[in-house]
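Per-entry structural report
Chain residues, written in single-letter form:
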Amino acid sequence: MRTHNAVNSITSPHLTSVPTSLGGPVAPSRGALRPLGLGDVTITGGLWGRMQELNADVIIDHCLGWMERIGWIANFDRVAGTASGHHAGIEFVDSEVYKLLEAMAWELGRRPDAVLDERYRGIVSRVAAAQDEDGYLHTSFGHAGQRARYTDLEWGHELYCHGHLIQAAVARLRTGHDDELAAIARRLADHLYTEFGPDGRMAVCGHPEIEVALAEFARATGEPRYLELARLFVERRGHGTLGTTLFQGHEYFQDDVPVRDAEVLRGHAVRALYLSAGAVDIAVETGDDELLAAVESQYLRTIARRSYLTGGVGAHHQNEEFGDDFELPSDRAYAETCAAIASVMLSWRLLVQTGDARYADQIERTLLNAVLVSPRADGRAFYYANTLHQRAAGSATDDDELSERAEASMRAPWFEVSCCPTNVARTLASVAGYFATTDGAGVQLHQYGSYTVDTTLDGGERIALSVESDYPHDGAVRIVVVDAPTRTVPISVRIPLWARGRAEVAVTGAGAGAGAALGATDAVFTVERSFSPGDVIELRLPMEPRFSHAHPRIDAVRGQAAVERGPLVLALEDVDLPEGIDVEHVELDATFSPVDDLDGAIVGLRRRTAPEDEWPYTATVAELGEFFTATMRPYKDWANRGPSTMRVWMPVSAGS
Ligand SMILES: [Zn+2]
């Protein structure tokens with residue numbers, strides 16, 4: 001075991017108290033960049049605007065309705081003694097109530113809503129009534145007829161639930177309200193410090209989440225003990241203290257190797273990524289650059305070797321865990337929605353620390369493909385697992401029926417373990433917090449769409465931009481300067497990996513003319529000049545559909561190709577194929593260049609079929625049929641037209 005930083009080193013001079021303006025989910029005290037929060041970035045329309053409207057109008061209500069209907073919120077009333085009956089749902093359903101409260105808090109921060117505010121306060125009051133005298137709060141443990149507190153750290157998810165409550169409190173604080181939920185969270189965090197702090201039990205929770213929550217709560221409250229406790233939880237992990245089972249060893253819990261000594265993300269994907277996000281926060285606030293570098297290196301290997309084209313991670317259905325390097329089968333992709341969200345959380349933290357655009361690329365890819373595929377177009381059903389190849393169309397799911405786990409071809413309205421829908425809700429409500437940063441001197445735009453940026457630079461000067469784009473439908477992004485200091489200011493735009501060498505940037509207005517040319521490998525382009533209101537930076541990204549090929553070590557798709565359009569991965573569904581042809585029959589004709597078609601592409605296909613026989617292997621290759629064309633559409637939109645078969649990767653029949 002290594003020696004670690006002394007406890008007194010965690011008292012960061014930058015930990016501040018509650019901010020007065022609207023913040024975002026993450027507010028590190030140092031880093032190459034500083035996140036701009038919901039007070040500085042406002043989504044005004046486009047795809048993200050529509051998704052936020054869907055969240056506000058449907059998804060949040062949908063989650064609330066289900067959790068009232070099946071008694072998950074009433075679990076708090078049962079503990080408070082105002083309702084009778086047994087605890088409903090598995091042990092950790094409290095976490096879904098908290099993630100919904102987080103979504104509601106961000107949403108209320110985005111715009112006032114009297115009805116939502118009343119609902120929010122109503123649930124918080126019910127949660128408050130279930131808190132024990134000493135701050136403990138959980139509806140499955142520690143009360144009459146229940147198991148004692150902290151007697152099942154491996155599987156009880158007590159601190160996991162506590163972490164989600166604390167993150168909901170952070171959302172409330174960052175949206176300007178130091179009220180009841182923050183008070184509940186302080187009492188709970190104080191209890192946890194007593195129970196698990198330096199003088200408490202040397203234990204960790206089976207499911208990380210408390211680490212990232214406590215670190216951010218320390219930032220939001222200025223309380224260094226919360227950061228100290230978060231650090232202890234990270235440092236205690238990896239020493240085999242959690243009990244294992246036949247199928248879940250120490251690796252499953254990331255309890256096999258200390259975080260700072262690990263070489264790759266492994267085990268249960270959501271656990272690994274939440275832990276990594278927390279470790280980054282702790283490393284940043286304690287000046288532990290060794291820990292930060294360790295997590296970054298583990299994550300870079302994960303991006304390079306354990307990520308699907310969609311950005312989805314965690315290939316194995318078994319244990320919801322990472323597979324080996326390059327083990328990325330399309331038809332058995334687990335790629336849980338929550339793992340994708342956790343990957344975005346980690347990418348954002350590393351982007352802010354390093355300024356490295358590859359993390360913004362990963363956020364874009366993951367959000368637009370692996371996260372947005374989860375909610376159905378009407379916001380009333382969700383994917384939990386996200387396959388890249390659906391062999392059987394299956395049957396439509398009942399919108400009134402609870403699903404065990406989404407392994408069906410269609411999205412389900414709610415799950416026995418329903419972590420993903422509420423995770424989608426909180427992410428959509430706070431997604432503006434992942435769009436832009438400042439380095440104090442200027443502004444960096446990492447994601448595109450329709451939004452405004454209005455913030456104050458280090459010199460106290462205002463800078464306001466209006467970003468106008470129908471991205472990712474359209475590759476034209478207009479950045480209109482609304483207000484800017486009279487001095488020279490750098491404004492940076494990200495050039496996505498797929499656009500490098502083909503993107504164009506032009507500046508029009510009073511200050512036009514100067515500036516360096518865009519290089520073929522530039523990941524970031526900075527326009528640095530004295531801007532006047534009305535000046536426009538125009539970014540043009542090439543949106544022609546293109547073939548993508550996997551590293552040959554990804555055996556499952558060797559010899560196959562996918563089609564992407566801008567940042568969107570496309571998918572072929574059987575409903576877009578001629579009658580009698582299934583996605584299993586087709587090969588991609590690479591001699592036919594894909595033709596742009598709305599958000600998708602028209603591709604050339606050939607059919608390869610063989611009669612089914614008693615033995616599926618023959619000495620000859622099955623014959624190739626005639627050429628035809630079909631439309632591929634964004635992967636995120638698949639299975640919105642009834643049951644279908646689908647594939648992202650297709651065998652290539654010629655050339656390429
Ligand atoms: Zn999930």
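Note that the structure is predicted; figures quoted are calculated from it, not measured. (Residues numbered from 1 in each chain as written. Predicted model: local features only at pLDDT ≥ 70, side-chain atom pairs only at ≥ 80, totals over all residues. Heavy atoms only, no water.)

**Quick look at the overall build of the chain**
- Each helix and strand counted, the chain has 13 helices and 21 strands in total.
- Over its C-alpha atoms the chain spans a radius of gyration of 25 Å, differing by no more than 12% from the 26 Å that the globule rule assigns to 656 residues.
- Projecting the C-alpha coordinates of the chain onto the three principal axes gives extents of approximately 75 × 70 × 50 Å.
- When burial is assessed residue by residue, the chain has 60% of its 656 residues classed as buried.
- For the chain, contacts bridging at least 24 residues in sequence account for 69% of all contacts bridging at least 6.
- Accessible area of the chain: about 23800 Å², with a carbon and sulfur share of 49%.
- Distance between charge centres in the chain, computed from 59 positive and 94 negative side chains, equals 2 Å. (Helix = DSSP H or I, 4+ residues; strand = E, 2+ residues; numbered from the N terminus. Rg over C-alpha atoms; globule rule 2.2 N^0.38 Å. Buried < 20%, exposed > 50% of the residue type's maximum accessible area, 1.4 Å probe, protein only. Contact = heavy atoms within 4.5 Å. Areas by Shrake-Rupley, 256 points an atom, 1.4 Å probe, with all protein chains shown as cover. Lys, Arg positive; Asp, Glu negative; His and termini not counted. Charge placed at Lys NZ, Arg CZ, Asp CG, Glu CD.)

**What to know about the coordination of the zinc ion**
- All of the protein donors around the zinc ion are E336 (OE), C338 (SG), C419 (SG) and C420 (SG); their distances to the metal are 2.1 to 2.3 Å.
- Classification of the site at the zinc ion rests on its four donor atoms, whose angles at the metal span 97 to 121°, yielding the label tetrahedral.
- We note that the donor set of the zinc ion lies within a single chain, spaced as E-x1-C-x80-C-C. With E336 in the loop between α10 (289–305) and α11 (337–354) and C420 in helix α13 (residues 419–430), the pair connects residues that are 84 residues apart, well separated along the chain.
- Taking the relative accessible area as the measure of exposure, C420 reaches 0% and is therefore buried. (Donors = N, O, S within 2.8 Å, 3.2 Å for Na, K, Ca; no water. Tetrahedral: all angles 85-135°; square planar, octahedral: opposite > 155°, others 65-115°.)

**Points about empty space enclosed by the protein**
- On inspection of all chains with the given rule, the structure shows four cavities of 30 Å³ or more.
- Roughly 190 Å³ of volume is contained in the largest cavity.
- In this structure, the largest cavity is lined by 15 residues; those nearest its centre are P25, E102, Q167, R426 and Y434.
- Of all elements in the fold, only α3 (94–110), α5 (158–174), α7 (210–221), α11 and α13 reach the threshold of two or more residues within the lining of the largest cavity. (1 Å grid on protein atoms, 1.4 Å probe; cavity = no way out; pocket = protein on both sides within 12 Å on 5 of 7 lines; lining within 4 Å. Points joined across faces, edges and corners; volume = space filled by probe spheres on them.)

**As for the sheet that holds strand β2 (residues 41–45)**
- As summarised here, the arrangement of the six strands in space is β2-β6-β7-β8-β12-β10, forming an open sheet in which the pairing is antiparallel. The open sheet has two edge strands, β2 and β10 (504–508), and neither has a second partner. Strand-to-strand twist across the sheet, computed as the mean angle between neighbouring axes with direction ignored, equals 15°.
- Both strand β8 (residues 476–483) and strand β12 (residues 536–540) contribute to a ladder of five bridges, which runs antiparallel. Across the sheet, residue I479 finds its bridge partner in β12, namely I537.
- The strands touched by helix α1 (residues 46–69) are β2 and β6 (450–456); relative to β2, the strand with the most contacts, the crossing angle is about 95°. (Pairing = 2+ DSSP bridges. Axes fitted to C-alpha atoms, helices over the stretch in contact; angles between N-to-C directions.)

**Focus: unusual backbone geometry**
- Cis geometry is found at the peptide bond from Y471 to P472, where omega equals 5°.
- For Q254, which is not a glycine, the phi torsion comes out positive at approximately 55°.
- Looking at the secondary structure, you find Q254 in the loop between α8 (224–236) and α9 (269–286).
- Judged by its relative accessible area of 2%, Q254 falls in the buried class.

**Things to note about the sheet that holds strand β1 (residues 34–35)**
- Read from one edge to the other, the open sheet built from five strands follows the order β1-β4-β5-β9-β11, with strand pairing classed as mixed. The open sheet terminates on both sides in strands that have one partner only, identified here as β1 and β11 (524–529).

**Overview of the packing of α8 against α9**
- Close contact between α8 and α9 brings their axes to 10 Å; oriented N to C, the two are set at 125°. Considering the angle they form, α8 stands oblique to α9. For the pair α8 and α9, the sense of crossing is left-handed. Between α8 and α9, the residues in contact are L227, A230, R231 and V234 and L275, A279, I282, E285 and T286, respectively.
- A class-by-class count of the residues in the contact of α8 with α9 yields six nonpolar, one polar and two charged. (Parallel < 35°, antiparallel > 145°, perpendicular 65-115°, else oblique. Left-handed = near helix turned anticlockwise from the far one by under 90°. Nonpolar A, V, L, I, M, F, W, Y, C, P; charged D, E, K, R; others polar.)

**Focus on the environment of T452**
- Take T452: it is sitting in strand β6.
- Owing to a relative accessible area of 27%, T452 belongs among the partly exposed residues under this scheme.
- C-alpha of T452 to C-alpha of L465: the two residues are 13 residues apart in sequence and 5.7 Å apart in space.
- In this structure, T452 is in contact with D40, V41, T42, T44, L465 and S466, ignoring residues within four places of it in sequence.

**Brief notes about the nonpolar core**
- If you look at the biggest cluster of nonpolar residues, it comprises 171 residues, and the most contacted ones within it are W48, L101, I166 and L445.
- Sequence-distant contacts of I166, that is, excluding residues within four places in its chain, are made with A185, L188, A189, L192, I210, A213, L214 and F217.
- The next biggest cluster of nonpolar side chains, apart from the first, holds 22 residues, and it includes V557, V569, A571 and V648. (Core = buried A, V, L, I, M, F, W, Y, C linked by side-chain atoms within 4.5 Å.)

**A few points about α11**
- Helix length check: α11 (18 residues) gives 26 Å between terminal C-alpha atoms against 26 Å at 1.5 Å per residue, within 8%.
- Looking at the residues trailing α11, positive phi occurs at G355, about 75°. (Expected span 1.5 Å × (residues − 1).)

**Some details on the layout of surface pockets**
- Approximately 800 Å³ is the volume attributed to the largest pocket.
- In terms of lining, the largest pocket is formed by 33 residues, of which the most central are I303, L309, Q362, R365 and L497.
- When contributions to the lining of the largest pocket are tallied by element, the ones reaching two or more residues are α10, α12 (357–371) and β13 (546–548).
- Among the elements that take part in the lining of the largest pocket, α12 stands out by supplying six residues, more than any other.
- When the residues that make up the lining of the largest pocket are grouped by side-chain class, the tally is 18 nonpolar, five polar and 10 charged.

**Regarding the packing of aromatic side chains**
- Within the structure shown, the criterion is met by 21 aromatic pairs.
- Here F196 and F233 contribute two aromatic rings whose centre-to-centre distance is 5.7 Å and whose plane-to-plane angle is 55°, an arrangement assigned as tilted. Of this pair, F196 sits in helix α6 (residues 180–196) while F233 sits in helix α8, and the two are 37 residues apart along the sequence. In this pair, the class of F196 matches that of F233, namely buried.
- Ring centres 5.7 Å apart and planes at 85° place the aromatic pair Y448 and Y471 in the edge-to-face group. One end of the pair, Y448, is in the loop between β5 (443–445) and β6; the other, Y471, is in the loop between β7 (462–469) and β8, and 23 residues separate them in sequence. You'll find Y448 and Y471 in the same group, each marked buried.
- A network of ring pairs unites the aromatic residues Y136, Y150, F196 and F233 as a single cluster. (Phe/Tyr/Trp six-rings, centres within 6.5 Å; stacked < 30°, edge-to-face > 60°.)

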